[in-house]
2 protein chains.
Amino acid sequence: MRKSLYMNILVPIDGSKHSEKAILHACDMAKNYQSRLTLLYVVEKSAPINLLDRKEYLKILKKFGNNVLIKGKKLATQQGIDSKIIMKEGNVANEIVRMAKKEQSNLIIVGSKGLGATARFLLGSVSNKLANNSPCSILIVK
Amino acid sequence: MRKSLYMNILVPIDGSKHSEKAILHACDMAKNYQSRLTLLYVVEKSAPINLLDRKEYLKILKKFGNNVLIKGKKLATQQGIDSKIIMKEGNVANEIVRMAKKEQSNLIIVGSKGLGATARFLLGSVSNKLANNSPCSILIVK
């Protein structure tokens, strides 16, 4: 078999409907390209911490992120695709770029909106930064 | 056969190496998804016209665009993919979005750089506008 263009696909997710759709597209691509799938949740460290103790806030985010990853993995499994799940803390765009390099990703698949209020993954900010700094191709799923 | 996720793929090109790479990725996708491929060249109407008569300048751009499209189509044919070629005049992002709607594109594939000096298709300007206004998914090829 010829080498696939997209051996490693990275999907940064946030638990939104948009990132669920990104997972579904990623699974479809993974079937066609025999890709390995990695789901990433980034705990945004610079999140607002006005209302809660910082430690408590991060704990909640991590718990949420863990649920998002488990739900994402389950969704991929339902499509017949095995996936690796990873959680990171830090700046969302930076962590995605770092993970893409580490995993030698050939493709990052993201929803066109999100990654939610939590991660401030807004087009024109994070995704733009991603598009400029990404070591690989990016699929923005509508 | 189940309905493909990407029945219609639109590739805006500018004759650069980046857009050639976008064509190659598009052909690979087209094989996997049984997609119809459309190559689009947009003559940027707002291009600088200091040095030349406007009409003359547009004539040169159109000739260039025609060559780019023919070369692009040839490249796709070499990959075993038939393609439709279209030239438009106007604002690059607007024309891409318009064409994507008209062609009912499911995916726009663009190079990560370009579409060259001619079209000012820079990340953060046109592609950002595209990402926000596109009626369909976008693959930015690195």
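Everything discussed here concerns the structure shown above.
Heads up: these notes are all about the structure in this document. Small disclaimer: the values here were computed from a predicted structure and weren't measured.

Time to look at the layout of surface pockets. Gaps left between atoms are located by rolling a probe of water-molecule size over the structure's atoms. All names here are of chain A. The calculated volume of the largest pocket comes to roughly 160 Å³. Forming the boundary of the largest pocket are 13 residues, of which Glu20, Val68, Lys71, Gly72 and Leu75 lie nearest the centre. Of all elements in the fold, only α1 (17-33) and α2 (54-78) reach the threshold of two or more residues within the lining of the largest pocket. In terms of residue count, the dominant contributor to the lining of the largest pocket is α2 (8 residues). Of the residues that constitute the lining of the largest pocket, the class distribution is 5 nonpolar, 5 polar and 3 charged.

Contact pair α1 of chain A / helix α1 (residues 17-33) of chain B: the axes reach a minimum separation of 10 Å and the direction vectors enclose 90°. In this view, α1 of chain A runs roughly perpendicular relative to α1 of chain B, as classed from their interaxial angle. Of the residues in α1 of chain B, those touching α1 of chain A at Asp28, Met29, Asn32 and Tyr33 of chain A are Asp28, Met29, Asn32 and Tyr33 of chain B. The residue makeup of the contact of α1 of chain A with α1 of chain B, split by class, is 4 nonpolar, 2 polar and 2 charged.

Residue and element names in this part refer to chain A. Position of Ser35 among the secondary structure elements: in the loop between α1 and β2 (36-44). Overall, the relative accessible area of 11% leaves Ser35 in the buried class. If we ignore the near neighbours within four places in the chain, the residues touching Ser35 are Tyr6, Met7, Ile9, Met29 and Ala30.

This next bit is on the nonpolar core. If you look at the biggest cluster of nonpolar residues, it comprises 54 residues, and the most contacted ones within it are Val11, Met29 and Ile109 of chain A together with Val11, Met29 and Ile109 of chain B. Sequence-distant contacts of Ile109 of chain A, defined by excluding residues within four places in its chain, comprise Ile9, Leu10, Val11, Pro12, Ala22, Ala26, Met29, Leu139 and Val141 of chain A. One finds Val42, Met99 and Val110 of chain A together with Val110 of chain B within the second-largest nonpolar core, a separate group that totals 26 residues.

With that settled, consider unusual backbone geometry. With a phi close to 50°, Gln104 of chain A is a non-glycine residue in the positive phi region. Relative to the assigned elements, Gln104 of chain A resides in the loop between α3 (92-102) and β4 (107-111). Residue Gln104 of chain A is classed as exposed on the basis of its relative accessible area of 62%. The backbone of Gln34 of chain B shows a phi angle near 50°, a positive value even though the residue is not glycine. Along the polypeptide, Gln34 of chain B turns up in the loop between α1 and β2 (36-44).

On to the packing of aromatic side chains. Residues and elements named next belong to chain B. Inspection of the entire model under this criterion finds 4 aromatic pairs over all chains. A ring pair is formed by Tyr6 and Tyr33, whose centres lie 4.9 Å apart and whose planes are at 75°; its orientation type is edge-to-face. On the criterion of sequence distance, the pair formed by Tyr6 in the segment before β1 (8-12) and Tyr33 in helix α1 is long-range, its members being 27 residues apart.

Before going further, it helps to spend a moment on α1 of chain B. Compared with the 24 Å implied by 1.5 Å per residue over 17 residues, the 24 Å span of α1 of chain B between its first and last C-alpha is a close match. Those residues of α1 of chain B not exposed but buried are Ser19, Ala22, Ile23, His25, Ala26, Cys27, Asp28, Met29, Ala30, Asn32 and Tyr33 of chain B.

As a further point, take the packing of α1 of chain A against α2 of chain A. All names here are of chain A. Orientation of α1 relative to α2, taken along the N-to-C sense of each, is 35°, at an axis distance of 10 Å. Between α1 and α2 the crossing geometry is right-handed. The segment α1 lies against α2, with Glu20, Ile23, Leu24 and Cys27 engaging Lys71, Gly72, Leu75 and Ala76. Residues that form the contact of α1 with α2 fall into these classes: 5 nonpolar, 1 polar and 2 charged.

Our focus in this paragraph is the pairing of β2 of chain A. Residues and elements named next belong to chain A. Where burial is concerned, most of β2 is hidden: 8 out of the 9 residues are buried. Here β2 pairs with strand β3 (residues 83-90) via 8 bridges, running parallel. Bridge pairing in β3 places Glu44 opposite Gly90.

Below, the discussion takes up the side chain of Glu95 of chain A. Residues and elements named next belong to chain A. Following the sequence through the fold, Glu95 ends up in helix α3. For Glu95, a relative accessible area of 8% gives the class buried. If near-sequence neighbours (up to four positions away) are discounted, Glu95 is found in contact with Leu40, Val42, Lys88, Glu89 and Gly90.

Now for the pattern of salt bridges. Summed over all chains, the structure comprises 12 salt bridges over all chains. One salt bridge in this structure joins Asp82 of chain B and Lys73 of chain B, with 3.5 Å as the shortest N-O distance. Accessibility expressed as a relative area gives 26% for Lys73 of chain B, which makes it partly exposed. As a salt-bridge pair, Lys84 of chain B and Glu103 of chain B come within 3.0 Å of each other at their nearest N and O atoms. A residue pair is termed long-range when its members are at least 10 positions apart, and Lys84 of chain B in strand β3 (residues 83-90) and Glu103 of chain B in the loop between α3 (92-102) and β4 (107-111) qualify at 19 residues. One salt-bridge network, in which partners are shared between bridges, spans Lys17, Glu20 and Lys71 of chain A.

Cut-offs used in this document
- Residues numbered from 1 in each chain as written.
- Chains lettered and ligands numbered in written order.
- Predicted model: local features only at pLDDT ≥ 70, side-chain atom pairs only at ≥ 80, totals over all residues.
- Heavy atoms only, no water.
- 1 Å grid on protein atoms, 1.4 Å probe; cavity = no way out; pocket = protein on both sides within 12 Å on 5 of 7 lines; lining within 4 Å.
- Points joined across faces, edges and corners; volume = space filled by probe spheres on them.
- Helix = DSSP H or I, 4+ residues; strand = E, 2+ residues; numbered from the N terminus.
- Nonpolar A, V, L, I, M, F, W, Y, C, P; charged D, E, K, R; others polar.
- Axes fitted to C-alpha atoms, helices over the stretch in contact; angles between N-to-C directions.
- Parallel < 35°, antiparallel > 145°, perpendicular 65-115°, else oblique.
- Contact = heavy atoms within 4.5 Å.
- Buried < 20%, exposed > 50% of the residue type's maximum accessible area, 1.4 Å probe, protein only.
- Core = buried A, V, L, I, M, F, W, Y, C linked by side-chain atoms within 4.5 Å.
- Phe/Tyr/Trp six-rings, centres within 6.5 Å; stacked < 30°, edge-to-face > 60°.
- Expected span 1.5 Å × (residues − 1).
- Left-handed = near helix turned anticlockwise from the far one by under 90°.
- Pairing = 2+ DSSP bridges.
- Salt bridge = Lys/Arg side-chain N within 4 Å of Asp/Glu carboxyl O.

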